[in-house]
Amino acid sequence: MTEVRRAFVTTDRHDPGERLARLGAALRHGHDPWTVLRLAERLIRAGHGTRTLAVLEEWETAGPGTPGGAPADGPARDDLHAVRTLMRCDHPGIDGAPAAPAPGAWEEVRAARPAVAAAAALAGALAGLPAYEIAPRAEHALSVMELGRRSAPSALLAIRALLHADRLAPAATWSLRLAREADRGNAPAWQAEFLVLLAVAEYRQGQLPSARAHITSALAAAPAGEHRPWRRSALLMRGGIDALTAGAGTATGDGAGSGADDGSGADDGADGGAGDGDVHEGAPPPTSLLWADQLALRGQLRLSRGRNSAALADFLRCGRALRAWDIDRPTVIRWRSGAARAHAAHAAHVARHGSDGRDGREGRGPERALALALEEVRLARACAAPRALGISLRRAASVADAPFRLDLLQESARSHESAGARLEWARTLFATGTELLAAQDRGAARQALDEAFLAARECRATALAERIRAALGAAGGRDPGGGAPAQSPPPPGPPHPLTASQRRVARLAAAGRSNRLIAEELSLTVGTVEQHLTQIYRKLGIRNRADLTRLPAMIS
C-alpha cells in the first residue's frame, strides 16, 4: 500500500496525471473503499473531478479479463459502485446525480447486495422518490451488510438516505451503532462521519444537548490534518444549538437548507456563528451539494440581517444549481421558501419606506412569495418526508393570507408530530399560538403556546422557550403548572405528557401489539410507530414495552 500512502501526502506541486496514476495504483492494490473514497475526494477538491469519476467508472465496469481490472461482479465491484455513487451524490455538478432506481421493485431490492441497495436509496432520494420507497432500501442495506471499514461508504449512503426520508429514529440508531463499531475498529475518520450523522438525527428530533456532544466528539475524533468536508457545517450546527440552549441569538432557526449533505444543512442550527462573506472562501467547490447548501445558508443569514436582495440572489442561485443538476427537491434544499420570505420581506420594506429604485425586480411581492412557497409544499408532498413537509407548510403559512395560515400550520404540526421532530413541532405550535393570538382567540392561543413551551423546554431550547413564555404573557396565560410567567424558563421538570398519538401507540404497545399490528390499526407506517416508541421511552424514562404496563396513568 505504499502508493496509497504516497497519494495521501501528495502536494499541489504534483500534476493531475500523477495523482490519477496513484489513484489507479490504490485500486490495483485491493482498493479498500474508504481509502479510495478519500483519494477521490482529494482529486475532486483539486479540480480533477471529471477524470476522477472516469477512472472509478472504468475500474467499476472493467471485466474479469482486464489486466488489473476489478471483477465483473461481486463485492469489489459493489464497493466501487458505492464510492462512485457517493462521489456523484456529493458532486452532482461534475457528471450529474446518479439515476434513480425503478419504484416499487421490492423483489429487486431484496435480491440486491447491500452496497447496491444503499446506493439506490440515496440516488432515489436525490431524484425525488417518496420516503416510503427510500427507507426500505436503506434499512435493508444496513440490516444485511457486514459492518466494517469496507462497508463504511455504503453505510454512509444508507444513513443519509434515511435522513432524506425523515426516518430519524432509525438513522440515529444506525449512526450510533456504526460509530461504536468504528471506535472498536480504531477507525477515527469514519467514526467522526457517523457521529456527525448521529448529531443531525438527534438535532432533528430535538435532542439538542446530545447532538452538541456528538458534534464535539466528531471534531475530536477526526484525524488531525485530514480534510473534513462536514467540519464547517458541523460547527455551524453547534453554534445554532448553543444559541438555542443558551438563550442567545435568534431562536427560530428556520433556515433554508435541509441537510441533505453529510450531516448538516442550513436548517440544522444555522443560527450561530456564520459570517456573511464569500461562500467560496474556504468552502467546497461549486460542483458540490455542500456548496449549494451553504449558499442557501448564507441567504438565510442575509435575510435575518435585512439584506433581502442579497438573500434572494443566493436562494435563486442555489435553485438554478439544483435544477441544472436535476435534484431540485425540498428534501435536498428548501430554497423556494427562503426566496419566498425574501420576496415578502422586500415587499414589506417597500410598503413601509417606498422603493429605493435599485431593487424593482419584476415579479416581486406577496403573490410571487406565495407561489414559490406553495410550489415547495407541492414538491414536499410528493417526497412524503414528514419533517420536510412540515417545515415547508410552516413557511408557506408565514407568507399566506390570514384565512389560510391556521390550516397550513395545523397540518405542519401534524407532520412534525408524525416525524418525531420535537423542535420543529414546538416552532410550529409557537407560530400557531401567535396566529391565534392575532385572531383574538386567546384560549386556543394559550393551549398551543403551553404545548410549545413544554416541547421547547424538553428540547432544552431555552431561547425558543423564552420567546414562547413572552407570548404566553401577552395571551394572558400562566406558565405550565400554574405559575405566573417568570424571567427565564425553570429547569426541566418531569417528563412531558405524551401527545394523543403517542398515547394511542403506547396503549397498544402495552397491550402486547407488535409494531406492525400497531401500524395497521392506526394507519401509520412501521417507521412512524418506531419513532413514536422512541419518544415515549425517552419521555417516560423507560427502556421497553414491559415498563409501559407499570405506568397506566401516563398512557391513559
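This is a predicted model, so every value here is computed, not measured. (Residues numbered from 1 in each chain as written. Predicted model: local features only at pLDDT ≥ 70, side-chain atom pairs only at ≥ 80, totals over all residues. Heavy atoms only, no water.)

Describing unusual backbone geometry
For clarity, the cut-off: Labels follow the DSSP assignment, with helices taken as runs of H or I lasting at least four residues and strands as runs of E lasting at least two, numbered in each case from the N terminus.
The phi dihedral of Ala384 is positive, around 60°, even though this residue is not glycine. Here Ala384 lies in the loop between α18 (366-383) and α19 (386-399). At Gln440, a residue that is not glycine, the phi angle is positive and equals roughly 70°. Here Gln440 is to be found in the loop between α21 (422-438) and α22 (442-458).

What about helix α25 (residues 515-522)?
Quick reminder: α-helices carry 3.6 residues per turn. Residues three or four places apart thus point the same way. Definition in use: Per-residue accessibility, obtained with a 1.4 Å probe over protein chains only, is compared with the maximum for each type, and a residue is labelled buried under 20%, exposed over 50%, and partly exposed between these values. The arc refers to the directions leading from the helix axis to the C-beta atoms. By the convention used here, residues are in contact when the closest approach between their heavy atoms is within 4.5 Å.
Looking only at α25, the buried set comprises Asn515, Ile518 and Ala519. The arc that holds the buried residues of α25, viewed along the axis, is 100°, so those residues lie on one side. Looking at α25, the residues exposed on the side facing more than 90 degrees away from the buried face are Arg516 and Glu520. Those residues of α25 that are buried are in contact with α24 (500-510), α26 (526-540) and α27 (545-548). Looking one or two residues beyond α25, the residue adopting positive phi is Ser523, at roughly 60°.

Looking at the nonpolar core
How we decide: Think of a nonpolar core as a cluster: buried Ala, Val, Leu, Ile, Met, Phe, Trp, Tyr and Cys residues, connected wherever their side-chain atoms sit within 4.5 Å.
Counting 127 residues, the largest nonpolar core has Leu142, Phe194, Leu322, Ile333 and Leu464 as the members making the most contacts within it. Looking at this core element by element, the count peaks at 11 residues for helix α12 (residues 188-205). Each residue touching Leu142, except ones within four places of it in the same chain, is listed here: Ala155, Ala158, Ile159, Leu162, Trp174 and Leu178. Listed in part, the 14 residues of the second largest apolar core include Leu498, Leu533, Tyr537 and Leu548.

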